[in-house]
Amino acid sequence: MRTLLVSLICFCSAIFGSEPPVSPGETEWPFATELAAPMSWHPHWTRTECGDDEANLRQGVQIHPEFPDAEGLLETAHADMKAFFSSVGLSTNGPFRIVTERVPTQKREAFTLRISKEECRVQANDTEGIRRGIYFLEDQLLRADGPFLDVGEISRSPFIQTRISRCFFGPIKRPPMNRDELLDDVDYYPDGYLNRLAHDGVNGLWLTIEFKDLCKTSLIPDCSPDREKRLEKLRKTVAKCRRYGIKVFLFCIEPCAMTAGHPLLVAHPELSGAELNASTRLFCPFSEAAQTYLREAIQGIFAEVPNLGGLINISYGEAPTTCLSAADANWHINCPRCAEKQPWEVLNATLSPMEQGMHEAAPDAKLISWLYVPESGPGTPLPSVEPLTEMARHTPPGVVVQYNFESGGHKTQLGKQRQTGDYWLSYVGPSAAFEQMATAVASAGQSAEISAKIQACCSHEVASAPYVPVPGQLYGKYGAMRELGVTSVMQCWYFGNLPCLMNRAAASELPFMKEGISEEQFLLDLACRDWGSQYAPRIVKAWRLFAKAYDNYPMTNAFQFYGPMTDGVVWPLHLKPVHLPLGPTWRLDYPISGDRIGECFSGTHTYPEVLELCKNLSETWQRGVELLDETKDEFAGEPDREQDLSVAEALGIQFRSGYNILRFYDLREQLLYGPKSRKKDVLRDLRALVEQEIENSQHMSALCEENSFLGFHAEAEGYKYFPAKLTWRVDALREMLDTEFSEAERALEIGQNVFPGLCGLEGSPLVYHCLPASKSFASAWRTDDVWHESPGSPKIEQAPLAPAPSEAHWQAVYDDQSLYLNVECDRSAVLSRPTVVVHIQSSHIYPRRTFQIDANGQKNERLGWRATAREWDVESVASDKHHTVRLRIPFTAFDGEFDRSRPMCINVRVQSAGAEGANALVQSWAPLSPTPPRFRLGYGEEDPREMGWLRLEP
């Protein structure tokens, strides 16, 4: 892996001129110190006279903690209350009494404030109800326009009882760094940070474990040598978080698949289920040994770590676990025991012993079974959600079912319905699939519970921003959760969890809000706490503009995963085509994104559509930023409000920069292939965009100096953008203006095409000149006669495959509807049963489509990220001397990206069966480069330079 990355970095350094700076390491993350600092509060009190129906706190308060608290769990809340009154300038030796006391309630965390002229009684039945009441009292004073409280009674009770978040900067225990927070000495939960989370209403935090690290069972007593070290740190973390009313939840994907030689499978072969591959076996739960292993594994952890909140387990999806992971599209399982079982029976047999083991040791802990299915519905791997709902309906008592709130959802953009994958904040939801899951759980009886997986603060859409200020989106989500009976929420993945207004809205406000409160009132209450009643209407107006803007975020996971909104502010731009793909937005160990911009929307949006959506997003967001800008002087010196302002401003830059990148490559296509009469104007517009991007990067660099959270991506475990990298980009853009733009200007001055050798035009090193077919060709393309020279017909060029002497060649012609290819291979010993692979890109800015025909003439197509599969035809014929494969590929297969006037990228390869059944490459038209392929989620591996050009001649 290291060799691959070094090769990629060296290759991209040659393309980009210099290697971009590396993200600052963990010891250089200044936000960790900021999160650990004590909280401060800034009331915006404008009134000094107390009203007739108000309690007056101007002379100070006295605190009477009368609630019984043997374990001292409320000490942090009482200390916070004292710090609050000190921060807002009110004495704690005053006449107004604040009394905490026990009163029976129907729900945990429910509380009542009874306010008279002389006192406020905070009443609850448990410590966490008192904690919530104390924080609510503080918030009420912040919302007021003076140190006064309305006389009366306020009761609040949560309909969402479990609200789970995660450490903003904790290790993810995944590649490439594989850091385990239970093995280091870093304190990821300092008191100041936990106090902020508690104020936000978070009562659960999750961290990652694996059974192999912590579990000790009678079946396999040997365990990790670091087990006790991990357990000891876990105990300390649980105890520390508990002081703030926060429970620790373990996250895992278990029971995980194992290698065939794993000691557990050797000792107990009955645990071995369906084969995942030649060396890996899935876990089969239908044996006494399997039940014992699962029960003891969970029981042991919860017995050795008291007060754990529970376990979140991806029971199906994400990574291979039980035999369910081998289920095909029809839910058939190739396991001698599971083949006769329903999918729900497999899951039930897995969860039942886990639930028993947990509740033997910790009766109040929660086992959350997460069915992680990002997409469901037509055109996805699982055509029906019904088996999943049956799993939910038959979930064992005591197990909470969790499903992604947005997975498989639909939304209309620009008059077309778009389908979501997982993790969306711009889409409110819920999806029909989630509604079906919730309905199924409800039908299982009163003991059944449904949990929603959402992203409260931000999502993959733009996870380099700590949060996206669109609380109205959460209002819609939580309103639907209330109707569907949701009782738990996992508020984040690795990102989307910073203490902020979105976190507070999701965990403290909406779960406790009385039914029937309007969105407008909710937003005003939220704004009044932080901005005061004078500015709250302006803030709400800005939030509404942000939500309106965010609704335009292109609805396709490819745009989240590879698009320019997350870190486009540090992308170089390429006037000269480099044919490089886009990098994952959630990783740091990939080269920076190139110019194949269509990868992030191909197959779901056309270029004009994504440009229109991103223009609307950028321009409408900027209107909201302008509203907030008018408050800067008023809130100068308030760190939290300054952070809110800088986050909104940074997002405006990110959206503007993303839109500019899309515009740049659209204009570049016009510069390379458009009318010569317009090219000078196009080049001028391109220069203006580059100059704007220099300003954007410089502006963002200044914001990063003010706000250390900007650019940090928790799943990447580092910064996607930061001042040094932004400066690097500015230098790269200036160099491009001096070099590539000057070269283009010189070409236009003498009437030449710009960079023709890189575009399939004159001077390109590898071009196939494709001729138009005769009118009768479409009906005869399967026959030999039309492909070989005949009197009076144009000669169809034969392109030999390398290495020489060639054993194969290909030909192509086209008509108005389709491209036709003919691939002929000599029947040598090597190519006796060839597989033919044709790669085609409609241009160098889009992803390639792969059309593969195996030795038996069967089709296999990879058309790109969720691109719509189109009909294409194959004819495979074998004779004594030749093996011939012919294809008819309609131009509609390229989803509107095809333009006949522009060359297409193409390569044709012939492969033969390798020694172990793998396909060994033996012949290729375009020469293979020595650069290792760059991984692409969605369509395998590819090297961007392994393509030639197909030019459709008139």
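Everything numeric here is computed off the predicted structure, so don't read it as measured data. In this convention, every chain numbers its residues from 1, walking through the sequence in written order. In view of the model being predicted, local features appear only for residues whose pLDDT reaches at least 70, and side-chain atom pairs are presented and counted only at 80 or more, with totals across whole chains, interfaces and linings using the full set of residues. Based on all heavy atoms of the structure, the side-chain values leave hydrogens and waters out of the count.

Engineer: For the packing of aromatic side chains, give the residues involved together with the corresponding values.
Structural biologist: Aromatic contacts are taken between Phe, Tyr and Trp rings whose centres are within 6.5 Å, Trp giving its six-membered ring; a plane angle under 30 degrees counts as stacked, one over 60 as edge-to-face, and the others as tilted. If you walk through the whole model with that rule in mind, you get 52 aromatic pairs. With centroids separated by 5.5 Å and ring planes inclined at 65°, the aromatic side chains of F561 and W586 adopt a geometry described as edge-to-face. Here F561, found in helix α16 (residues 557-562), pairs with W586, found in the loop between α16 and α17 (607-629); they are 25 residues apart in sequence, far enough to count as distant. Here the two residues F561 and W586 agree in accessibility, since each one is buried. For the ring pair F601 and Y607, a centre distance of 5.1 Å and an interplane angle of 55° mean the geometry is tilted. Across the pair, exposure class does not vary: F601 and Y607 are buried alike. Aromatic ring contacts, followed pair by pair, group W29, F31, F168, F169, Y188, Y193, F709, F712 and Y719 into a single cluster. Lying across the ring of W206, R166 places its NZ or CZ 4.7 Å from the centre. Secondary structure follows DSSP: runs of H or I at least 4 residues long count as helices, runs of E at least 2 residues long count as strands, and numbering of each begins at the N terminus. Between buried and exposed lies partly exposed: a residue is buried under 20% and exposed over 50% of the maximum accessible area for its type, with that area taken using a 1.4 Å probe on protein chains only. Ring-over charges, as used throughout, are those where CZ of Arg or NZ of Lys falls within 6 Å of the ring centre and within 35 degrees of the ring normal.

Engineer: Outline the packing of helix α13 (residues 471-484) against helix α15 (residues 519-550), supporting the account with residue identities and numerical values.
Structural biologist: The convention used is that axes are lines fitted to C-alpha atoms, helices contributing only their stretch in contact, and that angles between N-to-C directions extend from 0 to 180 degrees. Remark: α13 packs on α15, axes separated minimally by 8 Å, with the N-to-C direction vectors making an angle of 85°. Considering their axes alone, α13 and α15 lie roughly perpendicular with respect to each other. Counted together, P471, G472, Q473 and Y475 of α13 and E519, F522, L523, L526, W543 and A547 of α15 form the full contact between these two elements. Lys, Arg, Asp and Glu make up the charged group, whereas Ala, Val, Leu, Ile, Met, Phe, Trp, Tyr, Cys and Pro make up the nonpolar group; the residues left over, Gly among them, are polar. Of the residues belonging to the contact of α13 with α15, the class tally is 7 nonpolar, 2 polar and 1 charged. Throughout, the term roughly parallel applies to angles under 35 degrees, roughly antiparallel to angles over 145, roughly perpendicular to angles from 65 to 115, and oblique to all others. What makes two residues a contact is simply this: any of their non-hydrogen atoms within 4.5 Å.

Engineer: Pulling in residues and values, what's your account of the pattern of salt bridges?
Structural biologist: The term salt bridge refers to a side-chain nitrogen of Lys or Arg lying within 4 Å of a carboxyl oxygen of Asp or Glu. For the structure on display, the rule yields 63 salt bridges. A salt bridge links R504 to D530; the nearest nitrogen and oxygen atoms lie 2.4 Å apart. One end of the pair, R504, is in helix α14 (residues 501-509); the other, D530, is in helix α15, with 26 residues separating them in the sequence. Exposure class is identical for R504 and D530. Each is buried. With its nearest N and O atoms 3.4 Å apart, the salt bridge here joins R951 to E953. Each member of the salt-bridge network shares a partner with another, and the members are D139, R504, R529, D530, R641 and D644.

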